[in-house]
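The lines below spell out each chain.
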Amino acid sequence: MNYNWNWGILFREPYLGFLITGVITTIQLALIAWVVAFVLGSVLGVMRTLPSRIASSIAAVYVEVFRGIPLLVWFFLWFFVVPELLPREWGRWLKRDLPDPEFWTAVVALGLYTACRVAEQVRAGIQAIPRGQTMAGQAGGLSQAQIYRYILLPLAYRRIVPVLTSEFMTIFKNSSLALTIGVLELTAQARQIESFTFQGFEAFTAATVLYLVITLTVTVIMRQVEARTRIPGLLGQKGG
Amino acid sequence: MIEMHEVDKWYGTHNVLKRCTTHVAKGEVVVVCGPSGSGKSTLIKTVNGLEPFQGGRITVDGQAVTTSGRDLTRLRARIGMVFQSFELYPHMTVLDNVCLAQTVVLKRPRSEAEAKTEALLRRVGMIDHARKHPGQLSGGQQQRVAIARALAMDPIAMLFDEPTSALDPEMINEVLDVMTELALEGMTMMVVTHEMGFARRVAHRVVFMDDGQIVEDRSKDAFFDHPETDRAQLFLSKILHH
Ligand SMILES: Nc1ncnc2c1ncn2[C@@H]1O[C@H](COP(=O)(O)OP(=O)(O)O)[C@@H](O)[C@H]1O
Ligand SMILES: [Mg+2]
């Protein structure tokens, strides 16, 4: 193979700048989408465990719809189709006036999709809690909201820290699909370096290493979270 | 204080409570016993609406026990309950377990709730463990904390569902002692238990259940000395010669 290796290119402007803005965009996209996914996923997960038939059906339908369509298709739907379906002024605002429409569309696509996965974990975490805990709360006069707030959710979240860690890592990896709608995140920037310099191996090696650094950092942080929230005296029982 | 009139409950086609009628007067201690599966837990859980029931009527302190709503929540806060499997909140310290409902339901200031908690933990002999989590305690210790948690709400009555049957034998007495003391102070109590020694010492009345029915409901002495039904005699002979 006749390939001129040139690692130096990665540290030269503007390509170093490309990589840096790519990493920043990837982190911003994943973190904001995670907040959306976590909040919405928790609400949906709770809804699925409520006695109200209506609430649990709405959440169940959401989960089925979002889980049944590939994430890549969601990016296209949110970016190309949804603006056309909205009232005309809204669509125009989305395309013209919203600053950075690609970025925010990617946040929505990634956040709403990941929410269905978080919802399933939260539901499973709540349902794994013995019924006696709810009864103890009821017997103490706590309202349903208070039982969730003080008893069920704290126990459920602790139990699902490991699976949430993996969802959290996945959102960083999935954020690379945002390049398909034109978000200049890390993978897109690597491609850009490739097309300007023809040094594709270096560019994608750099992107690979940067993704690994991000996911390793997430692992380390989540280990800390797990250790901090571990319940004293409950050995051999994973977190819960 | 607690009035139950012809209470009926069904699980599908299974009639688990059959026209159960009984009462607990203020300051009275009523022991509920009977074979496993006879409906004792179900009966006691209808008193604070943890188990819905389909027929009959229950009132506590003159207030009807409904199936849901704010009134039920408010009533529950006034009735203490102790479970067979303790049901302490595992992620909270002993102190927080006892403080939780005081602060979020009764809206007591934290300092007041803590003072009350400390007094109660001292009373049940658990003050040295206030900062521990339930998983770090023995069963007997957990159950004493659970009693303190119920008492912290200044209940008008206490319900106990087999409070000692999940305990190792050597821990049973530490829990029964706390309950005995409570009874002697005049607490209104409904206690599902097979501890006949406890029943003999502190109960005023004994309710004997079999197959969803209240078969006997009599004063303690009458029940132990001359049980009327064969079923109660059989039950007593089994449990006393154990
Ligand atoms: N959730 C339930 N669904 C169906 N049947 C139940 C349920 N809970 C209890 N039962 C039945 O109700 C009867 C009474 O149970 P329970 O009140 O727990 O009895 P005890 O406390 O006297 O052992 C039993 O036959 C039991 O199988
Ligand atoms: Mg029982």
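Everything below is about the structure shown above.
Small disclaimer: the values here were computed from a predicted structure and weren't measured.

Undergrad: How do you make sense of the overall build of chain A when you look at a structure like this?
TA: Scanning chain A from terminus to terminus reveals nine helices and zero strands. When the helices and strands of chain A are placed in sequence order, the string is α-α-α-α-α-α-α-α-α. Seen through its principal axes, chain A has C-alpha atoms that stretch 75 × 50 × 30 Å. For chain A, buried positions account for 47% of its 240 residues. Taking all contacts inside chain A whose residues are at least 6 apart in sequence as the whole, residues at least 24 apart take part in 76%. Of the accessible surface of chain A, which amounts to about 12600 Å², a share of 65% is contributed by carbon and sulfur atoms.

Undergrad: How do you make sense of the interface of chain A and chain B when you look at a structure like this?
TA: Interface size is commonly expressed as the accessible surface area that is lost when the partners come together. Taken together, the contacts link 22 residues of chain A with 26 residues of chain B. Taking both partners together, chain A and chain B bury about 1900 Å²; carbon and sulfur atoms supply 64% of that area. Summed over the shared surface of chain A and chain B, the number is zero salt bridges. Linking chain A with chain B are five residue pairs in polar contact (both at pLDDT 80 or more), by the criterion used here.

Undergrad: Mind showing me how you'd approach the pairing of strand β7 (residues 157-161) of chain B here?
TA: In summary, the side chains of a regular strand alternate between the two faces of the sheet. Residues and elements named next belong to chain B. For β7, the tally of buried residues reaches five of five residues, placing the bulk of the element in the interior. Strand direction decides the pairing type here: β7 and strand β8 (residues 189-192), joined by four bridges, are parallel. In the strand pairing of β8, Met 158 is matched with Met 189. In terms of handedness, the path from β7 via helix α6 (residues 169-184) over to β8 forms a crossover that is right-handed.

Definitions and limits used
- Residues numbered from 1 in each chain as written.
- Chains lettered and ligands numbered in written order.
- Predicted model: local features only at pLDDT ≥ 70, side-chain atom pairs only at ≥ 80, totals over all residues.
- Heavy atoms only, no water.
- Helix = DSSP H or I, 4+ residues; strand = E, 2+ residues; numbered from the N terminus.
- Buried < 20%, exposed > 50% of the residue type's maximum accessible area, 1.4 Å probe, protein only.
- Contact = heavy atoms within 4.5 Å.
- Areas by Shrake-Rupley, 256 points an atom, 1.4 Å probe, with all protein chains shown as cover.
- Buried area = accessible area lost by both parts, 1.4 Å probe.
- Salt bridge = Lys/Arg side-chain N within 4 Å of Asp/Glu carboxyl O.
- Polar contact = N/O pair within 3.5 Å; in protein donor to acceptor, adjacent residues only side chain to side chain.
- Pairing = 2+ DSSP bridges.
- Right-handed = clockwise from strand over helix to strand, strands pointing away.

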